[in-house]
Amino acid sequence: MNYLASAFLATSAVLAIAAAPAPPLGRLPAGVTPTAYRLDLTVDPAKPTFTGHTEIDATLATATSTVFLHGRDLKVSRATATAGGKTVTARYTEVDSSGVARLDLASPMPAGKVTFALDYAAGFRPGAEGLFHGKVGNDWYAWTQMEPIDARRMFPGFDEPGFKTPFTVTLTVPTTAKAFANAPEVSATPKGAMTVHKFAPTQPLPTYLVAVGVGPFDVVSATIPANAVRKTPLEFRVIATKGQAPRMQITARETPRLLALLEDYFGSPYPYEKLDALASPIQGGAMENAGLIIYSDSLILLDDDAPPSQLRGFGEVSAHEMAHQWFGDLVTPTWWTDIWLNESFASWMGNKVGDLWRGDLGIGVSEVAGAFDAMDTDSLGRGRPMRQTIDRNDQIGSSFDSITYQKGAQVVSMFEAFVGPEKFRAGVQLHMRRHAHGNATAEDFFASVGEAAGDPRLVPALRTFTDQTGVPVVTVEDRPDGIRLRQSRYVPIGVATDRMLRTWSIPMCLSRGEGRTCTLLDKTEATLPPLVGTAAALMPNAGGAGYYRFSPVGGWNALIDAAPTLPGRDAMAVADSLWADFAAGKTDFATVARGAKALAANPERLAAVAIGYHLKEVGDTLLTPAQLPQYRRMMAAIYGPRLATLGFEPRRGAHATDTVPQQTLRASLVSLLALEARDPAVRAKLLAAIKAYLGGDAAAIEPSYRQVALGVAVQDGGVAFMESLSKRMIASDDPLFRSQASIAIGMAEGAAAVAAAQRLALVPGVQSLETVRTIGMLGSQPTARDATIDFVNTNFARVMESYPGFARTSIIGLYRGYCDTAAIGRIEAMVQPKLKTIGGGELELSQTKEQVAQCAALKAAKGDEISRVLATY
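Model, not experiment: these values are computed from the prediction. (Residues numbered from 1 in each chain as written. Predicted model: local features only at pLDDT ≥ 70, side-chain atom pairs only at ≥ 80, totals over all residues. Heavy atoms only, no water.)

Peer 1: Any details on the packing of aromatic side chains? Residues and values, ideally.
Peer 2: Counting across every chain of the model gives 33 aromatic pairs. Residues Phe-266 and Trp-326 carry aromatic rings whose centres are separated by 4.7 Å and whose planes lie at 15° to one another, so their mutual orientation is stacked. Taken together, the residues Phe-266 in helix 2 (residues 249-266) and Trp-326 in the loop between helix 4 (308-324) and strand 20 (331-333) connect sequence positions 60 residues apart. Per residue, the accessibility class of Phe-266 equals that of Trp-326, and both read buried. Ring centres of Phe-648 and Tyr-705 lie 5.1 Å apart, and the angle between their planes is 85°; on these two criteria the pair is classed as edge-to-face. Placement of Phe-648 in the loop between helix 17 (628-646) and helix 18 (660-676) and of Tyr-705 in helix 20 (residues 703-731) is noted, with a sequence separation of 57 residues between them. Here Phe-648 and Tyr-705 have matching classes, each one buried. What links up through ring pairs into an aromatic cluster is the set Tyr-265, Phe-266, Tyr-270, Tyr-272, Trp-326, Phe-327, Phe-345, Trp-348, Phe-424 and Phe-445. The residue whose ring lies beneath Arg-549 is Tyr-490, and the NZ or CZ to ring-centre distance is 4.9 Å. (Phe/Tyr/Trp six-rings, centres within 6.5 Å; stacked < 30°, edge-to-face > 60°. Helix = DSSP H or I, 4+ residues; strand = E, 2+ residues; numbered from the N terminus. Buried < 20%, exposed > 50% of the residue type's maximum accessible area, 1.4 Å probe, protein only. Lys NZ or Arg CZ within 6 Å of the ring centre and 35° of its normal.)

Peer 1: Please give an account of the sheet that holds strand 7 (residues 112-123) that cites residues and values.
Peer 2: Sheet strands pair by backbone hydrogen bonding; their relative direction is either parallel or antiparallel. The strand order across the open sheet built from ten strands is 3-6-5-4-7-2-1-10-13-12, with neighbouring strands paired in mixed fashion. The sheet is open, and its two edges are formed by strand 3 (64-70) and strand 12 (185-191), each paired on a single side. Between one strand axis and the next, the sheet turns by 20° as a mean value, whatever way the strands run. Here strand 4 (residues 75-83) pairs with strand 5 (residues 86-96) via four bridges, running antiparallel. Along strand 5, the bridge assignment pairs Ala-81 with Val-88. (Pairing = 2+ DSSP bridges. Axes fitted to C-alpha atoms, helices over the stretch in contact; angles between N-to-C directions.)

Peer 1: Tell me about the environment of Glu-702, and name the residues and values.
Peer 2: Mapped onto the elements of the fold, Glu-702 is located in the loop between helix 19 (680-694) and helix 20. In the structure, Glu-702 is positioned 512 residues away from Pro-190 in sequence and 47 Å away in space, judged by C-alpha atoms. With residues up to four places along the chain from it excluded, the contact list for Glu-702 reads Pro-650, Arg-651, Arg-652 and Gly-653. (Contact = heavy atoms within 4.5 Å.)

Peer 1: So, the pattern of salt bridges: which residues are in play, and what are the values?
Peer 2: Evaluated as defined, the whole model comprises 50 salt bridges. For Lys-242, the salt bridge goes to Asp-139, with nearest N and O atoms at 3.2 Å. With Lys-242 in the loop between strand 16 (234-240) and helix 2 and Asp-139 in strand 9 (residues 139-145), the pair connects residues that are 103 residues apart, well separated along the chain. Residue Glu-723 is joined to Arg-759 by a salt bridge in which the shortest nitrogen-to-oxygen separation is 2.5 Å. Remark: Arg-759 occurs in helix 22 (residues 751-760) and Glu-723 occurs in helix 20; sequence separation between them is 36 residues. (Salt bridge = Lys/Arg side-chain N within 4 Å of Asp/Glu carboxyl O.)

Peer 1: A description of the side chain of Glu-850 should follow, citing residues and the corresponding values.
Peer 2: The residue Glu-850 is located in helix 28 (residues 842-870) in this model. Put simply, Glu-850 is tucked away with no salt bridge, and the nearest opposite charge, on Arg-489, sits 7.1 Å away. Polar side-chain contacts of Glu-850 include one of 2.9 Å to the backbone nitrogen of Arg-382. When neighbours within four sequence positions are excluded, Glu-850 is seen to be in contact with Leu-380, Gly-381, Arg-382, Val-495 and Ala-496. (Lys, Arg positive; Asp, Glu negative; His and termini not counted. Polar contact = N/O pair within 3.5 Å; in protein donor to acceptor, adjacent residues only side chain to side chain.)

Structural data, given as structure tokens:
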């Protein structure tokens, strides 16, 4: 190229850039509406890349020569636009790192129908985002994870939830592989060493629900029989990597029961032509793709003797994802601002249906525990409301958090109780009928539920929880002449909040023994008539059903005395509000310790150990090394007697006659005593059992104790044991064992062991999700924290790519465990430059810094008090 030509082209490029419109960093400009996609992908999971041909039918509102769409890291070799029989070429350019792209057409396209066609290649992702792949045993597999905005990594398109269209998918894959997509397969045609699989057009879907799976999978097929709601049978398959068929049987057997419960609630049949459950060792959690739900393999691959905790995860998550087939898939949010409603509803529904399926597993009460955890985040000064306006792509990931899931589920549950279950259900069914196969906003849902409830107070009251941040705390004064209530915003020590006065409309129920009274506290203060009951203690949050905390005027003595015999959910609410009162500076640590001891006698597992987890945070952050022996004696004094009463033998079947709640409580107590109290007898039993298990005695230890036993063995055996465990994990095809082992390796102690754990997290054969588990556990260990932060900073790109795309901002949580204000500046300096690479995280960074400041303030205010209590042990 000669100089003059080069200069001319360079000048033209500058002018073109200057004239190009600014890329949209949130919603795409109006004017282009997709109406159908045809995706033709060639996928060989053993290769580093795949190729694709995408055709998008669309409607242009006005003539244009520039179209914004989405695509990320796609190497487009050809792009065209066709309208009215005329085809023009187009230049494809990715104009923002979030995956915003622009098509510049050689000549303008008129208003009306148009088809865009693009040929491209792209790389498989190592973690769960877009089209990702992994090697399991000797075979390669590929899966997808599109939510929230990673469909653009697999195909160009209009990657927003408000665009719902049919997708027709064709997959060309190796002949040794099977292929799956959202819709049923209609043909499979050999093509040399490949097979071309064609699938029927889907029902209208947004891009984030498109899914495929490719590989030499095992398949277990079943037919879900017709029922009173669905008049025809439904084809159902469980799909997993080679050799896993024996572990698919529980999922194949129990999923039909869960689905029938959901169909009964919604009053309408499952809305898609088939239902597949696809397991992946790389997927974190699960994804509700219409007709092809993809799960983390440990959730749906269960041995016959699966521990209650694994069964609990299966029931809760399966019900959650299948609830999405209606709420989220059939009816989809118009934009990410309302994703809270998707996840809040599915979380609530998953807990509700899971509890109906197996009430003994504690799925229902886990909703209450999750809500109390969310309150800790919601009480920070820098927070976000459930319904948060989202303007930019880098804000979307932050909406998938405990506020959306756990707070949301409890708020839904609270208002279901307020209007009555049948009226609320009628509102949900009305919403489904009105918006089936379309989009809807929160306003639409409010309208449906409000209409069915017939109570004008419902929607305004609900808005006080969805549209503002913070947690209400209700001060309760139990007097002979009545119960005085006063609400305010809960503010812990060290949290600086805005000065905006908040008032919530709180559906409150209070109980005293069998006596019960309910009210809608929609003003700052109110007085209720005296409540007569058979018990002395007034319970200000009956059943733990309300999303609020309480502070009893006159102290905690009555509730602490009643704690061993309170109903489980009541006891959980007492535990949460007692600790919250301490964290706000309104009660002392001695009262907390006394409350923990009383609650440890409660039959409900989550109530018995709730304060123990807060005490663990004290041990991890507020205490000096010299105080740890006292801390361990305190934990032994609180929880040791309860385990002694239950008894503990790790061998499989030793406690087979116990109820499931007793078994799960024992497992939680064993964890606290082995890892926090460092109880020598408990640790010795676990160590002997896990060594026997690894030596070939499969009955030596119950699966419920295996993770903590492996952790004890890591701490006891150091590098040599960790090396051996890592090799065993990589060789194992047991998803639960691999999960447990990867977490246990992260429990390493001592510089040499911590360095070994970091190295083992990245060795070949370790799946990306296992890397996340090991690094996450290391980051939570006080003695490993600094070295782990240094390791992550040095290997940031590789570690970050291990995180699922939808959870990438959670990597910022690794920096959260510090408890001195000097760390805040270091955290800012380390994390802020990485936010663009992460793709968001401003909120998470602000909250992390605030949590460090809160911990430091609590230490300054309560450190001496804690020391005095510890000195008594």
